[in-house]
Amino acid sequence: MYQPTIGLEIHVELKTRTKMFCGCLNDPLEKHPNINICPVCLGHPGTLPTINKKAVEAVLKLGLALNSKIPETSKFDRKNYFYPDLPKGYQISQYDAPLVIGGELNGIKLRRVHLEEDTARLIHSTDDAHSLVDFNRAGVPLMELVTEPDIKTGKEAVAFAKELQLILRHLGISDADMEKGQMRVEANVSVSKDNELGTKVEVKNLNSFRAVEEAIDYEIKRQIESLENGHKIRHETRGWDEFEKKTKSQRLKEEAHDYRYFPEPDLPLMDLTKFNLEELKISIPELPDQKRTRFSKEYNLAPNQAEILIEDRLLAQYFEEAVSELDAEIGGIDTEQRGIAIQTLFNYLTSDLKGLMAEQKIGIQELNITPENFADLVVLINKGELSSRLAKDILKEMFLSGRDPRQIIEEKGLKQVSDEEIIKKMAEEVVAENPKAVEDYKKGKETALQFLIGKTMAKLKGQGKPEIIEKLLKETLTKTK
Ligand SMILES: [Zn+2]
C-alpha cells in the first residue's frame, strides 16, 4: 500500500493600503501599469525599506486566530536570485525567524507563516518576442503559510485551502481570490511504501480549487504508477496543465538555486513583544467555525444552509438583522413556529431575493429592502396572508421601490383573501353557476373539483387561499343536492 504525503505552501497577497516596504499604494485594481511605484520598490541603489506595521499585524492576527505561537523576535532576510520581475536581485523574505510558528487548521498542523514582498508582473507578448514588466505589484505584502505534510488527498487539501480563504476574508486580511492570484497554492506531493520516505515533487500552477484537487490526485497516481513500473521519482518541480489535465516537469530540483539567504542589513530585528497581542486578539471577529456552531444553535440551520451564509459575510449580516426584526415582531411564540419562520426567511433570502439581486447585478449593500421590511414580508407569508405567488410579486415590488410590504398590499389590493365569509359566498355562487361540474363531482370525478376551485379562485382575482377554497367548496357541495 502506498501512502501519499502532501504539504501545502500558500501565498496570500495582503489587503493593506500601502506596500510592504514603501509608501506606494497597494491597489490590485490599478489597470495602468507602473503607476504605484517609487525608487524603493523599483530597487534603486541607495534606497532603504521601511517595515509596514499593518502587514506584520495582519500576519500576527492570523497566527492568533490559528492558535499559533508568536515568537518574541522575528527578522527579515534576503533571498538572492536574479529574475526580471525582481529589480533588486533579491527578495526581502523571512528565512529562519518567521512571524508565526505552528498552529492548526482543519486538523492540519501548520509549520510557519512568514512575510515577504511580491514580485513585479511580467506580461509576455503573444509571439514570445518580448516581455513587459509592470512594477505595480512589486513590493506588495505577500504572506506565505506552510503546512506540515499532514494531508493525504486532494480533497483534504482543498478543504484546508477553502477554510483558510474563509478565515482570511473574515479577518479582512485578504480577499484571497485564487483566480486573481491573490491566493496561490503549491503542493508538495510524495508517496511512500513500507514507511520509506518518498521523493518530494513540487506541484505549481494551481489556479483554482479544482486544479488543486485534480493536480494532487493526478500526481499521487502518477507517482504510484511510476514506482510500480520500476522507475524512480525525480525530485522536481512540475506544473499543472489545465487543458491536458496532467502535471509536467518544469525543472529538476538539483538545478534549483542556492538562494544564499542572509539577514537583511537594512531592516532591524523585530521585537514582537512590542505588539499588543491582547488587543489584536480582541480585534479578531467571529470565525467561520464559531459561526457554524452558532448558526446551528441559534437559528437551527442545516449545515449546508449555514455554509451559504458563512461564505457571504454581508448576506449573513443581513440574515441576522432580519431574524432579529422577525423576533421582535413574533416575539413570544414557540420555538417551533420561530423555526418555521426562520426557514421561510432563509429560503426567500437565498433563493428569491438573491435571484433578483443577481438579475439586476446588485450586491446586498445596494439592496433597497430593509431587514425590517423583509422580516415583515416573512411574517405575512407565515400568517397565511400571502400565497407564495403573491409573496414573490410583492418581494419584486419591494425590491424595485424599497417600500413596506403592507403598504404595497394595501395599494394594490393584493391581500390574500382568507376571510371564510367571502370565500364561502363565492364558492356558493360557483356551485350554483356550474351544475354540470357539480354533477360530475358527485359522480366521483376529481378533475371537476379542480375546475370549481379554479372558478372560485378566479372570482377572488387569484387572491384566495387554496386550502380554504377547497375546504369550503367541499362543504358547499355536500350540502348541494
Ligand atoms: Zn514604492
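Above this text is the structure in question.
Let me begin by describing the structure that accompanies this report. (Residues numbered from 1 in each chain as written. Predicted model: local features only at pLDDT ≥ 70, side-chain atom pairs only at ≥ 80, totals over all residues. Heavy atoms only, no water.)

**Concerning the nonpolar core**
As a rule of thumb, soluble globular proteins bury nonpolar side chains together.
Stage number 1. Counting residues in hydrophobic clusters, the biggest one holds 65 residues, and the most contacted among them are L8, L62 and M183.
Stage number 2. Setting aside chain neighbours within four positions, we find L8 in contact with L145, V146, T147, I151, A157, F160, V185, E186, A187 and I216.
Stage number 3. With 43 residues, the next largest nonpolar core counts A322, I364, F374 and I394 among its residues. (Core = buried A, V, L, I, M, F, W, Y, C linked by side-chain atoms within 4.5 Å. Buried < 20%, exposed > 50% of the residue type's maximum accessible area, 1.4 Å probe, protein only. Contact = heavy atoms within 4.5 Å.)

**Digging into the sheet that holds strand β3 (residues 77–80)**
Stage number 1. One open sheet holds the three strands; their spatial order is β4-β3-β15, and the pairing between them is antiparallel. The open sheet has two free edges, formed respectively by β4 (90–93) and β15 (262–263), since each of these has just one partner strand.
Stage number 2. Where β3 lies against β15, two bridges are found, and the strand directions are antiparallel. By the bridge assignment, R78 is partnered in β15 with F262. (Pairing = 2+ DSSP bridges. Helix = DSSP H or I, 4+ residues; strand = E, 2+ residues; numbered from the N terminus.)

**With respect to the environment of L452**
Stage number 1. Summarising the element assignment, L452 is placed in helix α14 (residues 446–459).
Stage number 2. Counting along the chain gives 363 residues from L452 to G89, while the straight-line C-alpha distance between them is 84 Å.
Stage number 3. Excluding anything up to four places from it in sequence, L452 contacts V430, N434, A437, V438, L473 and L477.

**What about helix α11 (residues 405–412)?**
Given 3.6 residues per helical turn, the α-helix brings residues three or four places apart onto the same face.
Stage number 1. Those residues of α11 that sit buried are P405, I408 and I409. One face of α11 carries all of its buried residues, which in axial projection span an arc of 100°. Those residues of α11 that are exposed and angled more than 90 degrees off the buried face are E410 and E411.
Stage number 2. On the buried face of α11, the contacting elements are α9 (371–382) and α10 (388–401). (Arc of directions from axis to C-beta.)

**So, the environment of Y299**
Stage number 1. Locating Y299 in the fold gives a position in helix α5 (residues 288–299).
Stage number 2. In this structure, the C-alpha to C-alpha distance between Y299 and F346, residues 47 residues apart in sequence, is 9.9 Å.
Stage number 3. Not counting chain neighbours up to four residues away, the residues in contact with Y299 comprise R294, F319, E320, V323, R338 and I342.
Stage number 4. Only 3.3 Å separates the side chain of Y299 from the side chain of E298, close enough to count as a polar contact. (Polar contact = N/O pair within 3.5 Å; in protein donor to acceptor, adjacent residues only side chain to side chain.)

**Points about helix α3 (residues 209–228)**
Stage number 1. Taking 1.5 Å per residue as the helical rise, α3 with its 20 residues ought to reach 28 Å, and the 29 Å between its terminal C-alpha atoms agrees with that figure.
Stage number 2. Those residues of α3 that are buried lie in contact with β1 (2–13), α2 (154–171), β11 (183–193), β12 (201–206), β13 (236–241) and β14 (246–252).
Stage number 3. Trailing α3 by a residue or two, G230 shows a phi angle of about 85°, which is positive. (Expected span 1.5 Å × (residues − 1).)

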